[in-house]
Amino acid sequence: MSTPPFLIGATLLFWGAQAGWLWLGALAAIVLEAPRYAKNRIQFTQADLDRIWNLCFVLLFGGLVVAFVTSDGAAALTNVANNNSISNRIDALNKGGRSVILVLLWLPLIYLPIAVAQAFSEQERMDWSTFSWWLRQQRGKGTRPAALRLDLNVAVFRDLSARHERRQPAHAPLPDHRDDSDGVGAVEPAFEGRFLLRRWTTSLVLVLATAFTAQLSMLELQRLMQRLDSALIARFASGRGFDPKEVRTALGSIGRMKLSGDIVLRVEAEGAPPPLLREASYKMFLSPSWAATRHGRPEQNFIEVIPESDLTTWKLMPDKPTRKKAIISGFLSGGQGLLPAPAGVAKLEDLPAVQFETNQLGVLRVQEGPGFYQTTAYYDDGRSIDGAPDGIDEEVPNSEKQTLDRLVDELGLRELPAAQAVKKLNEFFAREFRYTTWLEERRRRKETETPLTRFLTRSRAGHCEYFATATVLMLRTAGIPARYAVGYSVQERKGQEWLVRERHAHAWCIAWVDGAWRDVDTTPANWVSVEAERSSAWERWKDRWSNIWFAFSKWRWGKGEWKEYLIYLVIPLILLAGWRLMAQKQWNRSKNSADSRNPRVPQPGFDSEFYLIEKTLAARGLERQPEETLAAWTKRATAEKQGGADDLAALLQVHYRLRFDPGGLEAPERERFRAQVNDWLERESRKQIRNDRSDHANS
Amino acid sequence: MNRPLPPREVYQKLLANIERVIHGQNDALRKVLAAFASDGHVLLEDFPGTGKTTLAKALARSIDATFKRVQFTPDLLPSDILGVSIYNQREQTFQFHEGPIFTNILLADEINRASPRTQSALLEAMGESQVSVEGERRKLADLFFVIATQNPVEFRGTYPLPEAQMDRFALQFTLGYVTPEDEVAILSAQADNHPLERISSCVSSADIAALKTAVRQVKISEELKRYIVDLTGATRRVPGVQLGASPRASLALMKASQALAVFDGMDFVTPDHVQEMASPVIAHRLALEPQAKFSGLSAAGIVADIVKKVPVPA
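Residues numbered from 1 in each chain as written. Chains lettered and ligands numbered in written order. Predicted model: local features only at pLDDT ≥ 70, side-chain atom pairs only at ≥ 80, totals over all residues. Heavy atoms only, no water.

Caption draft 1: Structural context of the overall build of chain B. Assigned secondary structure in chain B consists of 14 helices and 11 strands. Counting over 314 residues, chain B shows a buried share of 55%. Of the contacts formed within chain B by residues at least 6 apart in sequence, a portion of 76% connects residues at least 24 apart. With an accessible surface of roughly 14400 Å², chain B has 51% of that area assigned to carbon and sulfur atoms. (Helix = DSSP H or I, 4+ residues; strand = E, 2+ residues; numbered from the N terminus. Buried < 20%, exposed > 50% of the residue type's maximum accessible area, 1.4 Å probe, protein only. Contact = heavy atoms within 4.5 Å. Areas by Shrake-Rupley, 256 points an atom, 1.4 Å probe, with all protein chains shown as cover.)

Caption draft 2: Summary view of the overall build of chain A. Looking only at helices and strands, chain A features 20 helices and 25 strands. Across the 699 residues of chain A, 45% fall into the buried class. Once local pairs closer than 6 in sequence are excluded, the contacts in chain A between residues at least 24 apart make up 75%. Counting every atom, chain A has about 37100 Å² of accessible surface; 57% of that belongs to carbon and sulfur.

Caption draft 3: Looking closely at unusual backbone geometry. Unusually for a residue other than glycine, A:Arg460 sits at a positive phi of about 50°. Counting through the fold element by element, A:Arg460 comes out in the loop between α12 (451-459) and β20 (461-462). Positive phi, normally seen in glycine, also occurs at B:Asp39, with a value near 60°. Within the secondary structure layout, B:Asp39 lies in the loop between α2 (26-37) and β1 (42-45).

Caption draft 4: Here's a closer look at the interface of chain A and chain B. If you look at the interface, chain A gives 31 residues, while chain B gives 27 residues. Buried surface at the junction of chain A and chain B, summed over both partners, amounts to about 2200 Å²; 58% is from carbon and sulfur atoms. At the surface where chain A touches chain B, the tally comes to two salt bridges. The partner of B:Lys219 in a salt bridge is A:Asp661, and the shortest N-O contact between them spans 3.1 Å. When contributions to the side of chain A that touches chain B are tallied by element, the ones reaching two or more residues are α18 (630-639) and α19 (645-660) of chain A. Among the elements that make up the side of chain A that touches chain B, the one with the highest residue count is α19(A) (six residues). (Buried area = accessible area lost by both parts, 1.4 Å probe. Salt bridge = Lys/Arg side-chain N within 4 Å of Asp/Glu carboxyl O.)

Caption draft 5: Structural detail: a nonpolar patch on the surface. All names here are of chain A. Judged by side-chain polarity, Phe212, Leu216 and Leu219 come together as a nonpolar surface patch covering roughly 320 Å² of accessible area. Note on placement: Leu219 falls in helix α9 (residues 193-235). The partly exposed category is assigned to Leu219, whose relative accessible area is 43%. (Patch = residues over 30% accessible without salt bridge, like charges linked within 9 Å, V, L, I, M, F, W, Y side chains within 5 Å.)

Caption draft 6: Main features of helix α6 (residues 112-120) of chain A. Across the nine residues of α6(A), seven count as buried, placing the element largely inside the fold. Burial in α6(A) covers these residues: A:Leu112, A:Ile114, A:Ala115, A:Ala117, A:Gln118, A:Ala119 and A:Phe120.

Caption draft 7: Molecular detail of the packing of aromatic side chains. Counted by the stated rule, this structure contains 26 aromatic pairs over all chains. Taking 4.8 Å as the distance between ring centres and 55° as the angle between the ring planes, the aromatic pair formed by A:Phe429 and A:Phe433 counts as tilted. Between A:Phe433 and A:Phe455 the ring centres are 4.9 Å apart and the planes differ by 50°, which places this aromatic pair in the tilted class. Taken as a pair, A:Phe433 in the loop between α11 (418-432) and β18 (434-435) and A:Phe455 in helix α12 lie far apart in primary sequence, 22 residues in all. For the pair formed by A:Phe433 and A:Phe455, the shared burial category is buried. Through successive ring pairs, a cluster of aromatic residues spans A:Phe428, A:Phe429, A:Phe433, A:Phe455, A:Tyr466 and A:Phe467. One residue, A:Arg365, lies across the ring of A:Phe302, its end atom 3.8 Å from the ring centre. When the ring centre of B:Phe36 is taken as reference, the NZ or CZ atom of B:Lys212 above it lies at 5.5 Å. (Phe/Tyr/Trp six-rings, centres within 6.5 Å; stacked < 30°, edge-to-face > 60°. Lys NZ or Arg CZ within 6 Å of the ring centre and 35° of its normal.)

Caption draft 8: Here's a closer look at the sheet that holds strand β24 (residues 505-513) of chain A. All names here are of chain A. Reading across the sheet, the five strands line up as β13-β6-β21-β24-β25 and stay open at both edges, with antiparallel pairing between neighbours. Bordering the open sheet on either side are β13 (341-342) and β25 (516-520), each of which pairs with just one other strand. Here seven bridges tie strand β21 (residues 482-489) to β24, and the two strands are oriented antiparallel to one another. Note that in β24 the partner of Ala485 across the bridge is Trp508. (Pairing = 2+ DSSP bridges.)

Caption draft 9: Inspection of the pairing of strand β11 (residues 324-331) of chain A at higher detail. Residue and element names in this part refer to chain A. In this structure, strand β5 (residues 263-269) lies alongside β11, joined through five bridges in antiparallel fashion. When the sheet's bridge partners are listed, Glu268 is paired in β11 with Ile327. When β11 meets strand β17 (residues 372-379), the two strands line up antiparallel, connected through eight bridges. Note on β17: the bridge partner recorded for Ile327 is Thr376.

Caption draft 10: Structural detail: the pattern of salt bridges. Residue and element names in this part refer to chain A. Summed over the entire model, instances satisfying the criterion amount to 40 salt bridges over all chains. Between Lys283 and Asp390 there is a salt bridge, and its shortest N-O distance comes to 2.9 Å. Here Lys283, found in the loop between β6 (276-282) and β7 (284-286), pairs with Asp390, found in the loop between β17 and α10 (398-411); they are 107 residues apart in sequence, far enough to count as distant. For Lys283, a relative accessible area of 0% puts it in the buried group. Put simply, Glu492 and Arg501 hold a salt bridge, and the shortest N to O gap is 2.8 Å.

Caption draft 11: Quick peek at the environment of B:Glu223. Here B:Glu223 lies in helix α10 (residues 222-235). By relative accessible area, which is 5% here, B:Glu223 ends up buried.

Caption draft 12: Broad picture of the confidence of the model for chain B. Confidence along chain B averages 86 in pLDDT terms, with 98% of residues attaining 70 or more. Helix α6 (residues 163-166) of chain B is the least confidently modelled element of chain B, averaging 79 in pLDDT, while helix α11 (residues 247-263) of chain B averages 93, the highest of any element. (pLDDT = per-residue confidence, 0-100.)

Caption draft 13: Quick peek at the environment of A:Pro35. All names here are of chain A. Locating Pro35 in the fold gives a position in the loop between α2 (22-33) and α3 (46-70). Sequence separation of Pro35 and Ala119 is 84 residues, and the distance between their C-alpha atoms is 6.3 Å. In this structure, Pro35 is in contact with Arg41, Ala119 and Phe120, ignoring residues within four places of it in sequence.

Caption draft 14: Quick peek at the sheet that holds strand β15 (residues 355-358) of chain A. All names here are of chain A. Read across the open sheet, the four strands follow the order β9-β15-β16-β12; overall the sheet is antiparallel. A single partner strand is all that each edge strand has here, and the edge strands are β9 (303-304) and β12 (337-338). The pairing of β9 with β15 spans two bridges and is antiparallel. Looking at the pairing, Glu304 lines up with Glu357 of β15.

Caption draft 15: Expanded view of the nonpolar core. By size, the foremost hydrophobic cluster in this structure holds 99 residues, and its most contacted members are B:Leu59, B:Ile63, B:Leu231 and B:Phe263. Grouped together as the second largest cluster of nonpolar side chains are 47 residues, A:Val396, A:Leu425, A:Val486 and A:Ala511 included. (Core = buried A, V, L, I, M, F, W, Y, C linked by side-chain atoms within 4.5 Å.)

So, in structure tokens, the structure goes:
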């Protein structure tokens, strides 16, 4: 299969015009079309072709890097590393795409060496193994499949035309589009015109359809990958989310509660970390559950937060000054979930979410975001995003009312100001209650007793949910608005960061004190150690795995710092590859020369004077080819009337004996030969001088 | 006869004698005689009517030797070549009737028309100079030379010789068509009777034996041995060649070169001898890949390329 005349040239010209390097395209076109006129061909060995292909490969790789760097791909990537906002990521994606387009644009230049090699090569086809490392390995084994040869120019041409089609799918048929199916563009006699047109049209439609489908599927694939990506990343991370609408407590359940030691959050803070990270709060107690609010009330409706211009900063309370900050990292399953935040959070930074919302109950919800986040939360005491208290925040269920009234009266909470009352309640729980996760079986005698009443009046032992619920309801009874809050307690320090495990999940109360919601945690402080006792022996290993996964996620979501150095690592790698290539070539060469001059083969008679004759004649333009024997050469010399032919034939016979007769020459013969050759040389030089003189005289 | 002739003279006499019959085929005669003198066998691949048979007959007549010809056909059996035992009723024993292979010079005409089984019967004889018939080993004549001819393999009704059997032939070459002048000479020569009738033996078996001994005694330098090995070795690395030349090829190339040296009156081999014999000795042993054949490569072309590429000792 051969390309029609000038098709490649025309294609390259078209490429040059499209790419804006017309002169470059013209140059390449001339080089590739030149073999039509120049008859000189170069004999490339397979090793040469391999090397040229390697060069193309390095060029391609280098081209990718250069394109990436010059089209600000590197900067975009570094930006992503610094600030993983959606806009940055889209930017990086676009720039990455642009570099690929750029490389596609350079492709004809990148593959020019191998195309030129083919154009000027004596062989019309190249072996497939040139292009595959694996096939190259097979080459020596003799088991290689029947050689499939490739006419590269046809392939390159096809690539070109297909690419241009893709670049400009909306355009009218392109001039270089005549050959896109299998070598249609070979030689077409005129009478095949109609058939050709049909084939031509079919290929055009096929290419258009392919390009269109490919583009569609690429988009779809990208979407799928994004979804899959965030779902996968959170899959290995543990952590049950809270439901912002309702949480079912374990009030009244029997037996031990089991929570794992899996790390769900990591917190970094200067100084003390926020003690509690709230995920949700609830207003209505419907034993044994807490519901966000009464059905149909607007508080639990989420409102979208509008990000700042960098798309990763979310100002929840723009006018609130903050003094503290904490970096919180964790996973979002499928890119969705609640964000744990310290009380009084006012601003979040570095949260690359697409949709982020909050509600009156202080819930921060990511609707569409990354599978992993590492966000900086700015917070301070005082005001929070939670809505002001209303009637529901003071409701107490009737079933508990009696007990609560009695206890509140006993403590005299009603008369105290809110802050005092909270303090007193804290002391009350600390003094009279203890923490346990062992829930005893309810006694039969008092069927009507609620779990909470039993906790408050008789057992006086329970877990955090008991304490939190009791606190909320007692405060409400005392006339202080309060809500039930869930989240995590930050308490385990490991090096620079604080680890939050699943078993650190906690419930507490937020109370409206002095015009702001404040955390009131009445659970005895020893609950932490009680929980820690139950950590399993596996925890150390699980932690290690968690660390690895965490680091990977961090890198995956562009949070690692070393990513920006990656680019600078690639350049030395390319240099190294290029150097290896050149070094290899030298090695090959030296090996070859060692082969041809095998020292084991004796070469007698290498001091023969006949070589002087050869040199003399070579100086007159009668050089002996490496494959030409001396006899053939002598004959040629005689035919071209150089030197005394008869003498030469006789001398050559002696030289041959000297060289190839293992017996060699006797000493006198050798002397005679030397003398004869010297005679010949002298004669020739005299002749030469004479000729020169006569030439001189003539001129 | 008393003293055997000098080897070169034997060659020249043979050549002159055969040239009386075969016109304008000097190169081919030189090659045939080189194979003959170096204990090799010859495969001629040529079109019908180019003088293969005449060449073989002329050679046989020039020597005082027996000549037999077997026309290979698809139904030819091994026993047709080797011979067969027939029960003699009078003597009540089996008597072996020698086949045509028991001769000095055998012309195996159109060898690729016979079935592979028959081909291999002949080729065993060629390789080992003996035949096994009915479990009995029988030695062939000391002077045993096979000239096989075959039609170009693309012709219809042929069984191409397998590579292993091609390897048994020392040389393969074509006679080709002669120049118009020579062809005219052929016509004139046949005016009265066939020129074959006119020639008679000019050398004795002893002369031939002496020639063969002389060929074996021709010296060859280590450097040229290496050159021969380089040439055959190169065929094993050429892309497009499935099977390169064997060490047997190297051996055959050396022997043929030695014969040429004797013909030229030398007692050592020169690079020219090696180059001259490279193509007829090596080319037919190469098995090309189908792809290479279709792309126009030929074995002879590849060998010519190799000869051009490998630097010759000078």
